[in-house]
Amino acid sequence: MEAKLSFSQDSPPISIISAAKVAGVSLSVDPSLAAGSAPVLCFSSGESLRGINPILEYIAQSSPSLHGRDAIESGHVVEWLEYAPTFLLGSEFEVACSFVDGYLMSRTFLVGHGLTIADITVWSNLAGIGQRWESLRKSKKYQNLVRWFNGIDSDYRDTLNEVIASYVGRRGIGKSPAPNLKEKVNDSKDPSAPEVDLPGAKFGEVCVRFAPEPSGYLHIGHAKAALLNKYFAERYQGRLIVRFDDTNPSKESNEFVENLLKDIETLGIKYDAVTYTSDYFPKLMEMAEKLIKQGKAYVDDTPKEQMRSERMDGVESKCRNNTVEENLSLWKEMINGSERGMQCCVRGKLDMQDPNKSLRDPVYYRCNTDPHHRIGSKYKVYPTYDFACPFVDALEGVTHALRSSEYHDRNAQYYRILQDMGMRRVEIYEFSRLNMVYTLLSKRKLLWFVQNKKVEDWTDPRFPTVQGIVRRGLKVEALIQFILQQGASKNLNLMEWDKLWTINKKIIDPVCARHTAVLKDQRVIFKLTNGPEKSFVRILPRHKKFDGAGKKATTFTNRIWLDYADASAISKGEEVTLMDWGNAIIKEIKMENGVITELIGELHLEGSVKTTKLKVTWLPDIDDLVPLSLVEFDYLISKKKLEEDENFLDNLNPCTRKETLALGDANMRNLLRGEVIQLERKGYYRCDAPFVRSSKPVVLFAIPDGRQQGSLN
């Protein structure tokens, strides 16, 4: 069908024109619309499409491979079309580059395994930006993004560069060597790419699940499992189920369910379904009863400590040879929650002499009278994780169960239970647990800190929870990059937080606004004898290299505040540089009892900033300065790695939070909660509590920058 594309001359829709060229869709162009108008595609039939994304989707449908190979891929393509304009927002450009660079770390294309309209659109938006992108492209800052860009440029150079030359005004995007677009996702030359081979995996048939227990918030260790499941689901064009393993009512709550879902969304994980193990309680009870009738399980009333001892020693329980009738009778007592039933548990009859102790008659069911957060007091018996997990995995169609290698010894148990149940095999794929230095990842231990008020709550910035580290100033893109760099390796590793914060700094530094602060109780007045008699204001950029950070108003006066540390480093007669102003010469240093009380000097604005040793920050002595609380954090424990037999309570860090009062420039009353800034010469901070009134300080949390920090003591 003949079609005409109309658009405004000041904003040609490069992505549409590029996509049409690649897809072989013939368009006539008419750049006559008014400025700011959305592009319109008019057909000879009189019908029309308005807007970039609807037109792109039409073009993609005319060349099916560009729209994804199935409904799942098509959905991802649409998501990328919605995300692509982010590159055109000046303030978000480098954030978008960083995000997509991390996303492409182990991918050749944005969606699936071939070029789609998503690739063309993002490519076109980048190419259309012009010099800013070209400068980044020549640097080594976003290597994965550049690799991807160059790859498309190489394969479609003549087609795409014709568009760019016509509408961006320069010919040739560059001739950087590009990798083969058919390269494997897990190219062995890229050590940061995850291992991607799942045993027996078939494209389009893989189903994985992320199964957290709702007994705490998602932490950085869970995030690795969640992101790897997401990775494999996308890698094999499969399904991802989020399943809450809610089999222990004593520890679980709706609060944890809600926050786990919130954290999963924060990580950008798209799932196909949310399920609960509790959905399958009736079927699990039927299976337990079936195994009892088949003689593959029995009811045991051995006291817990004795049972543990017997399992260690390979001693069979006195109840192991109960008759089926005796077991069913006791099972009924358990279901009813009677006094007799509460003394019992159901155990699998596996092998009490097996060297692998997980196979020594594990517990399948136990009594618990606590109400369940979803189903109340309907049940008095609950399945163990070891019993429920393989059953529900098989029932839900999971093909590959990702588990951390700490569960390795229980893999044989998992397979044996599936076998006894007569259910299909689910392949286990192991990856190494993520361990961080000076960090506890046990939810039981983290709960101790919450209950004993050693931290604020599960979102405390000292916690390794997703909400905690994000509140401290970590960007989710940095966390994703950090985890994907490790991939699905099975090697045990103890990771340094510094590596994660270094990645984070690379993301925030190019875009975060700059502000100035002096310490409230450690400041000195500096009188400028030839300073402006009447104060004046200049509008300066909040970031000299990033226009998207906006502007700030800076007041210039003849009385300014310096940090005491800077004042004490200055000598009489010395020339220093006042940042964002110019040079000044120190004429007099007043002191009382060995303490500097005042500096007197004069401006020397014609002086060269290249000749001065000290470049100091300053604030005007005005009433509009903003009170600040600068908060630093330290690790909760004082030992890098706790051994298995060590009690974490013996290694608590005595000082984990330090607050320093300061004054900030007047512009800081406009900071938003969650905004990340840099205080010049002090470091990076995240605004946790914005300005409300002058009597209440703005709370800024210090963000680590990847350099070794000293103790707060």
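Residues numbered from 1 in each chain as written. Predicted model: local features only at pLDDT ≥ 70, side-chain atom pairs only at ≥ 80, totals over all residues. Heavy atoms only, no water.

The test is simple: UniProt positions are given in the numbering used here, feature names are shortened, and annotations may be inferred rather than shown by experiment.
In the nomenclature of an unreviewed UniProt entry, the protein chain corresponds to glutamate--tRNA ligase from the organism Oryza meridionalis. The UniProt entry for the protein chain carries the following text under Catalytic activity (unreviewed entry): "tRNA(Glu) + L-glutamate + ATP = L-glutamyl-tRNA(Glu) + AMP + diphosphate". Recorded in UniProt under Sequence similarities (unreviewed entry), the annotation for the protein chain is "Belongs to the class-I aminoacyl-tRNA synthetase family. Glutamate--tRNA ligase type 2 subfamily."

Focus: the overall build of the protein chain
So the rule is basically this: Only runs of H or I of at least four residues qualify as helices and only runs of E of at least two qualify as strands under DSSP, and these elements are numbered from the N terminus. For every residue, the accessible area obtained with a 1.4 Å probe (protein chains only) is divided by the maximum for its type, and the residue is called buried under 20%, exposed over 50%, and partly exposed between those limits. Should any heavy atoms of two residues lie within 4.5 Å, those residues are counted as being in contact. Here the open area of atoms and residues is found with the Shrake-Rupley method and a 1.4 Å probe, where only the protein chains shown may cover a residue. This count recognises Lys and Arg as positive and Asp and Glu as negative, with His and chain-terminal groups excluded. To locate a charge, the coordinates of NZ of Lys, CZ of Arg, CG of Asp or CD of Glu are taken.
A tally of helices and strands in the protein chain yields 20 helices and 31 strands. By principal-axis analysis of the C-alpha atoms, the protein chain measures approximately 100 × 85 × 45 Å. Classification of the 713 residues of the protein chain by burial places 53% in the buried group. Considering only residue pairs separated by 6 or more positions, the protein chain has 71% of its internal contacts joining residues 24 or more positions apart. Accessible surface, the protein chain: about 32200 Å² in total, of which carbon and sulfur atoms supply 48%. Between the mean site of the 97 positive side-chain charges and the mean site of the 95 negative ones, the protein chain shows a separation of 2 Å.

Considering helix α9 (residues 220-235)
Note the following rule: Take the number of residues in a helix, subtract one, and multiply by 1.5 Å to get its expected span.
For α9, spanning 16 residues, the distance from its first C-alpha to its last is 22 Å, which sits close to the expected 22 Å at 1.5 Å a residue. For α9, the tally of buried residues reaches 15 of 16 residues, placing the bulk of the element in the interior. Within two residues after α9, Gln237 carries a phi angle of roughly 50 degrees, on the positive side.

Observations concerning the pairing of strand β7 (residues 273-276)
In summary, the side chains of a regular strand alternate between the two faces of the sheet. Put simply, the rule is: When DSSP finds at least two bridges between two strands, those strands are taken to pair. Here is how to tell: hold the view so the strands point away, follow the path from the first strand over the helix to the second, and if it runs clockwise the crossover is right-handed.
Taken together, the four bridges between strand β6 (residues 239-244) and β7 define a ladder with parallel strand orientation. Note that in β7 the partner of Arg243 across the bridge is Thr275. Handedness of the β6-helix α10 (residues 254-266)-β7 crossover: right-handed.

Regarding the sheet that holds strand β18 (residues 523-528)
Across the sheet, which stays open at both edges, the seven strands sit in the order β25-β22-β23-β24-β18-β21-β26 with mixed pairing between neighbours. The open sheet is flanked by β25 (615-616) and β26 (619-620), the only strands paired with a single partner. Relative to strand β24 (residues 595-603), β18 is paired through four bridges, and the arrangement is parallel. From the neighbouring strand, Phe526 faces β24, where its bridge partner is Leu599.

Structural notes on the side chain of Asp566
Its place among the elements puts Asp566 in helix α20 (residues 564-568). Classification of Asp566 as buried rests on a relative accessible area of 8%. Once you skip the residues sitting within four places of it in the chain, Asp566 turns out to touch Leu614, Val616, Thr617 and Arg681.

Section: the pattern of salt bridges
This is how the line gets drawn: One side-chain nitrogen of Lys or Arg within 4 Å of one carboxyl oxygen of Asp or Glu is enough to make a salt bridge.
For the coordinates displayed, the defined rule picks out 39 salt bridges. A salt bridge links Arg514 to Asp509, with the shortest nitrogen-to-oxygen separation between them at 2.9 Å. For Asp566, the salt bridge goes to Arg681, with nearest N and O atoms at 2.8 Å. Of this pair, Asp566 sits in helix α20 while Arg681 sits in the loop between β29 (676-679) and β30 (683-689), placing them 115 residues apart in sequence. Put simply, Glu456, Arg471, Arg673, Arg686 and Asp688 are held in one network by salt bridges that share partners.

Here's the deal with the pairing of strand β12 (residues 400-404)
Among the five residues that make up β12, five are buried, leaving the element largely enclosed by the rest of the structure. Here β12 shows no split at all, with His400, Leu402 and Ser404 on one side and Ala401 and Arg403 on the other all buried. Taken together, the five bridges between β12 and strand β13 (residues 427-431) define a ladder with parallel strand orientation. When the sheet's bridge partners are listed, Ala401 is paired in β13 with Ile428. Crossover connection from β12 via helix α15 (residues 411-421) to parallel β13: handedness right-handed.

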